[in-house]
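Each chain is listed here by its residues.
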Amino acid sequence: HVPGAAGPPIICGTNTGYHMITDVVNNECQTPNFGIGPSTSTTRKWDIKITQYACGDENGGGPAGCLQYFTDTFGVVASFGFSDTAVLAATTHLQNQFYETCYRRAKGYCYLCFSPSLTATIPAAITGNSFGLSVSADAATAQASVGTTCATDYLVIPGAATSTNAAKTSLDYATFSRVCGRIFNIIAGNIATATICTRQSPFRLGVNIDHDEATTSIVGTTNEQDTFPGGIVGFKLDFFQVTC
């Protein structure tokens, strides 16, 4: 991070394949900190590859302020520590995660799409998906939420729209930025997962996850843990760019 500014989020759990890009100014150093608790029942190990990018090398290191930078036209983006083996009822994302992921727009590609990842393992006995941030608008049904109803945990996809609308060359449709709820869909109240796309460049996705989970009631509208898929899952999304 830039010395004197807010640093990258604190992470834990299994983060194989993840990356972080941190900015520096005035030839300052970056100092990683590792916190290891007293437990002897947990195996701890890390193998970290370090790459330095020249100042102004946005093609390799990405624009300033992007904690993650993806250069392929397709891939997977997930909240840090996401369980890659199973999304269970008790799977809970990390707290205090505030950062932005960025995507290099390839030549001849006009929009970027996201959908719940096909690589996340969902137990057959549980109806769920690889997305859950905050609560639904309805207490009895897992639903999608968008816009101003997303106030605690949410993703920011500037100019987010359905895949059908994003394919249009004219902006004759309404867009949102914030996406949350128990179902990944740009249509508020929808109970089915869907693909969300954006034509707004530079391509980016923001992560806003606060410090706690709402558990003040057993009612689904105010309790993020109630009603699976819970609003505590975090996210693992497949992303792909679409040609013009």
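Summary of the structure given here. Sequence positions are assigned chain by chain, starting from 1 and proceeding in written order. Side-chain atom pairs in this predicted model are given and counted only at pLDDT of 80 or more, local residue features only at pLDDT of at least 70, and totals for whole chains, interfaces and linings cover all residues. The basis for every side-chain value is the complete set of non-hydrogen atoms in the structure, without hydrogens or water.

**Focus: the overall build of the chain**
Numbering of helices and strands runs from the N terminus; a helix is a DSSP stretch of H or I covering at least four residues, while a strand is a stretch of E covering at least two. When helices and strands are counted, the chain shows 2 helices and 11 strands. Written out in order from the N terminus, the α and β elements of the chain read α-β-β-β-β-β-β-β-α-β-β-β-β. Taking contacts inside the chain between residues at least 6 apart in sequence as the whole, the part at least 24 apart equals 77%. Any two residues whose heavy atoms approach within 4.5 Å are treated as being in contact.

**So, the packing of aromatic side chains**
Side-chain rings of Phe, Tyr and Trp (the six-membered ring for Trp) are treated as a pair once their centres are within 6.5 Å; stacked means planes under 30 degrees apart, edge-to-face means over 60, and tilted covers the remaining angles. Taken as a whole, this structure holds 8 aromatic pairs when the rule is applied. Taking the centre distance of 4.5 Å and the plane angle of 15 degrees together, the rings of F34 and W46 count as stacked. Taken together, the residues span a long stretch of sequence, with F34 in the segment before α1 (58–61) and W46 in the segment before α1 at a distance of 12 residues. Only protein chains enter the accessibility calculation, which uses a 1.4 Å probe. A residue is then buried if its area is under 20% of the maximum for its type, exposed if over 50%, and partly exposed in between. You can call W46 partly exposed: its relative accessible area is 48%. Ring-pair connections join several aromatic residues into one group, and the members of that group are F70, Y103, F114 and F239.

**A closer look at the pattern of salt bridges**
Each reported salt bridge corresponds to a side-chain nitrogen of Lys or Arg within 4 Å of a carboxyl oxygen of Asp or Glu. Applying the stated criterion across every chain, the model contains 1 salt bridge. Between E100 and R204 there is a salt bridge; the shortest N-O distance is 3.4 Å. Pair noted here: E100 is in strand β3 (residues 97–103) and R204 is in strand β10 (residues 203–209), with a separation of 104 residues, a long-range link. Overall, E100 belongs to the partly exposed group, its relative accessible area being 29%. Among the residues examined, R204 registers a relative accessible area of 23% and is labelled partly exposed.

**A short note on a nonpolar patch on the surface**
Excluding any residue in a salt bridge, patches collect residues exceeding 30% relative accessible area, merging like charges within 9 Å and nonpolar Val, Leu, Ile, Met, Phe, Trp and Tyr side chains within 5 Å. Here the Shrake-Rupley method, with its probe set to 1.4 Å, supplies the accessible areas, and only the displayed protein chains count as covering residues. Together, F34, I36, W46, I48 and I50 line one region of the surface with nonpolar side chains, adding up to about 600 Å² of accessible area. According to the relative accessible area criterion, F34 is partly exposed, its value standing at 45%.

**Points about the environment of V135**
Assignment of secondary structure puts V135 in the loop between β5 (131–132) and β6 (144–146). A residue is classified by how much of its surface remains accessible, and V135, at 17% relative accessible area, is buried.

**Section: the side chain of D238**
Position of D238 among the secondary structure elements: in strand β11 (residues 234–243). Working convention for charge: Lys and Arg count positive, Asp and Glu count negative, and His plus the chain ends are omitted. At 6.9 Å, K236 is the nearest oppositely charged side chain to D238, a buried residue that forms no salt bridge. N or O atoms within 3.5 Å of each other form a polar contact, as long as, within protein, one can give a hydrogen and the other can take it, and as long as residues adjacent in sequence are counted only when both atoms are side-chain atoms. Of the polar contacts made by the side chain of D238, one reaches the side chain of S117; its length is 3.0 Å. When residues no more than four places from it in sequence are discounted, the contact partners of D238 are G75, V76, C113, F114, S115, P116, S117 and L118.

**Looking at unusual backbone geometry**
In this structure, P202 follows S201 across a cis peptide bond, with omega equal to 5 degrees. Examined against the element boundaries, P202 turns out to sit in the loop between β9 (196–198) and β10. The phi dihedral of N96 falls on the positive side, at around 50 degrees, and the residue is not glycine. Looking at the secondary structure, you find N96 in the loop between β2 (74–78) and β3.

**Re the nonpolar core**
Formed by 26 residues in total, the largest nonpolar core has its most connected members in Y103, F114, L155, F184 and F235. The set of elements that each furnish at least two residues to this core consists of β3, β4 (109–116), β7 (154–162), β10 and β11. Among the elements that take part in this core, β10 stands out by supplying 4 residues, more than any other. When neighbours within four sequence positions are excluded, F184 is seen to be in contact with F114, S115, P116, F131, L155, I157, V179, A192, T193, A194, I196 and L237. By size, the runner-up hydrophobic cluster in this structure holds 6 residues, among which are Y111, C113, C197 and V242. Note on terminology: a nonpolar core comprises buried Ala, Val, Leu, Ile, Met, Phe, Trp, Tyr and Cys residues joined through side-chain atoms within 4.5 Å.

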